[in-house]
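As a plain string of letters, each chain reads:
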Amino acid sequence: MPSAELRSRLAGLRTEVGKAVVGQDGAVTGLLIALLCRGHVLLEGVPGVAKTLLVRTLSAALDLATTRVQFTPDLMPGDVTGSLVYDARTAEFSFREGPVFTNLLLADEINRTPPKTQASLLEAMEERQVSVDGRPRPLPDPFLVIATQNPVEYEGTYPLPEAQLDRFLLKLTLPLPTREHEIEVMRRHSDGFDPRDLRAAGVRQVADAAVLAAARAEVAQVQVAPEILAYAVDVCRATRSSPSLSLGVSPRGATALLATSRAWAWLSGRSYVTPDDVKALAHPTLRHRVQLRAEAELEGVTAESVLDTVLAAVPVPR
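First, a word on scope: everything that follows refers to the structure included in this document. (Residues numbered from 1 in each chain as written. Predicted model: local features only at pLDDT ≥ 70, side-chain atom pairs only at ≥ 80, totals over all residues. Heavy atoms only, no water.)

## Looking at the state of the cysteines
One pass over the structure, following the stated rule, counts 0 disulfides. The thiol of Cys37 is unpaired, and the distance to the nearest cysteine sulfur, on Cys236, comes to 14 Å. On the basis of relative accessibility, which here comes to 0%, the residue Cys236 falls in the buried class. (Disulfide = S-S within 2.5 Å. Buried < 20%, exposed > 50% of the residue type's maximum accessible area, 1.4 Å probe, protein only.)

Shown next, in the form of structure tokens:
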């Protein structure tokens, strides 16, 4: 059975993040699942919904190093990964690490930088290393890229290609707060809350890299019955024949759905995956891996509605 102590310590993350961020429990859970699966996350939300604060608070509660990079049209690959710098004293080149050498990398507005710089993250995300001058340099563990996108302002942006989108484990959307949550945000700021001083807000460390590693080991032991495995595959295969989609979920997407379902089962206190786990994680795991046909978009079809239709159509194992 999953360790109750490990689960309670990681569940405490919601409480700690809630001291600084109001009403984003779903995003916190998604980020925790990504950490358990060693995956990366795409965060989508309009400006001002606390995306940066969410990542900073999570890193404080886990005692992990975090770096923020503001992606701009003139950002170069070396600005992210690091580069060789000439040392006049030794007459040699030495490697200066870039911001990617951290635990949580916040890639802010990743779609504002050209494809060459976006691609510089690919090796780091997939291989967890950076190659400079033919030499691989390993990144710290854990390593998680949390990339943000603004969903309403596309002028002057470089949309992520499908191959790069597929490398993100989850796509999480941060909605605008409800009226009650927005009032609570205003109340906290009225009482003197400073988003740059998380310690004053009472945020404390509740877990660390060692706790995460132990939890990952337990997640890897979560059992998946053959019929559940087949169900996850059938859901992904059904997207490939959907008339509304020009691109369905790849086999990498199917393995991602399996991984996130196991992590969710573990967080729920079970040592086995159920069909409900697969359904619960289908949207955040698959929504960015499908591509709508132009005519379907014109008719108002969304990736979410297609996934709803697929989940309703694929027979659930008993």
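Structure shown, so let's carry the discussion forward.
## As for the sheet that holds strand β9 (residues 170-173)
Strand order in the open sheet formed by 5 strands is β2-β5-β8-β1-β9, and the pairing between neighbours is parallel. In the strand order of this sheet, the two ends are held by β2 (66-70) and β9, each with one partner. Taking each pair of neighbouring strands and ignoring which way they run, the sheet shows an average axis angle of 20 degrees. Across 5 bridges, the pairing between β2 and strand β5 (residues 104-108) is parallel. Bridge pairing links Gln70 to Asp108 in β5. Of the strands in this sheet, β1 (41-44), β5, β8 (144-149) and β9 are in contact with helix α2 (residues 25-37), which crosses β9 at around 165 degrees. (Pairing = 2+ DSSP bridges. Helix = DSSP H or I, 4+ residues; strand = E, 2+ residues; numbered from the N terminus. Axes fitted to C-alpha atoms, helices over the stretch in contact; angles between N-to-C directions. Contact = heavy atoms within 4.5 Å.)

## Side note on helix α9 (residues 226-240)
The first and last C-alpha atoms of α9 sit 22 Å apart over 15 residues, in line with the 21 Å expected at 1.5 Å per residue. Among all positions of α9, only Ile228, Tyr231, Ala232, Val235, Cys236 and Thr239 are buried. Down the axis, α9 shows its buried residues gathered within 125 degrees of arc, on one side only. Summarising the geometry of α9, the exposed residues directed more than 90 degrees from the buried face are Pro226 and Arg237. Against the buried residues of α9 lie β10 (245-247), α10 (251-267), α11 (275-286) and α13 (303-313). (Expected span 1.5 Å × (residues − 1). Arc of directions from axis to C-beta.)

## Digging into the side chain of Arg188
Along the polypeptide, Arg188 turns up in helix α7 (residues 179-190). Residue classification places Arg188 among the buried positions, given a relative accessible area of 18%.

## A word on a nonpolar patch on the surface
A cluster of nonpolar side chains, namely Leu84, Tyr86 and Phe93, defines an oily patch on the protein surface of about 330 Å² accessible area. Along the polypeptide, Leu84 turns up in strand β3 (residues 82-87). (Patch = residues over 30% accessible without salt bridge, like charges linked within 9 Å, V, L, I, M, F, W, Y side chains within 5 Å. Areas by Shrake-Rupley, 256 points an atom, 1.4 Å probe, with all protein chains shown as cover. Salt bridge = Lys/Arg side-chain N within 4 Å of Asp/Glu carboxyl O.)

## Quick notes on the side chain of Arg128
Topologically, Arg128 is positioned in the loop between α5 (115-127) and β6 (129-132). Of the buried charged residues, Arg128 lacks a salt bridge, with Asp141 as the closest side chain of opposite charge at 5.6 Å. When neighbours within four sequence positions are excluded, Arg128 is seen to be in contact with Arg38, Gly39, His40, Glu123, Pro138, Leu139 and Phe143. (Lys, Arg positive; Asp, Glu negative; His and termini not counted.)

## Notes on the pattern of salt bridges
A side chain with one charge may pair with a side chain of the opposite charge, provided their charged atoms come close. One pass over the structure, following the stated rule, counts 16 salt bridges. The partner of Glu184 in a salt bridge is Arg187, with the nearest N and O atoms 2.7 Å apart. Of the two residues, Glu184 and Arg187 both sit in helix α7, 3 residues apart, roughly one turn of that helix. For the salt bridge of Asp191 with Arg187, the shortest nitrogen-to-oxygen distance reads 2.7 Å. Residue class for Asp191 comes out exposed when judged on its relative accessible area of 56%. A cluster of three or more residues bridged by salt bridges with shared partners is formed by Glu184, Arg187, Arg188 and Asp191.

## A closer look at the pairing of strand β7 (residues 135-138)
Remember that side chains alternate between the two faces of the sheet whenever the strand is regular. Across 4 bridges, the pairing between β6 and β7 is antiparallel. Each residue of the ladder has a partner; that of Gln129, found in β7, is Pro138.

## Some remarks on the pairing of strand β4 (residues 92-97)
As paired elements, β3 and β4 share 6 bridges and run antiparallel to each other. Note on β4: the bridge partner recorded for Tyr86 is Phe93. In this antiparallel pair of consecutive strands, β3 and β4, the connection spans 4 residues, and Ala91 shows a positive phi of 60 degrees.

Such coordinate-based values are descriptive only and should not be taken to indicate function.
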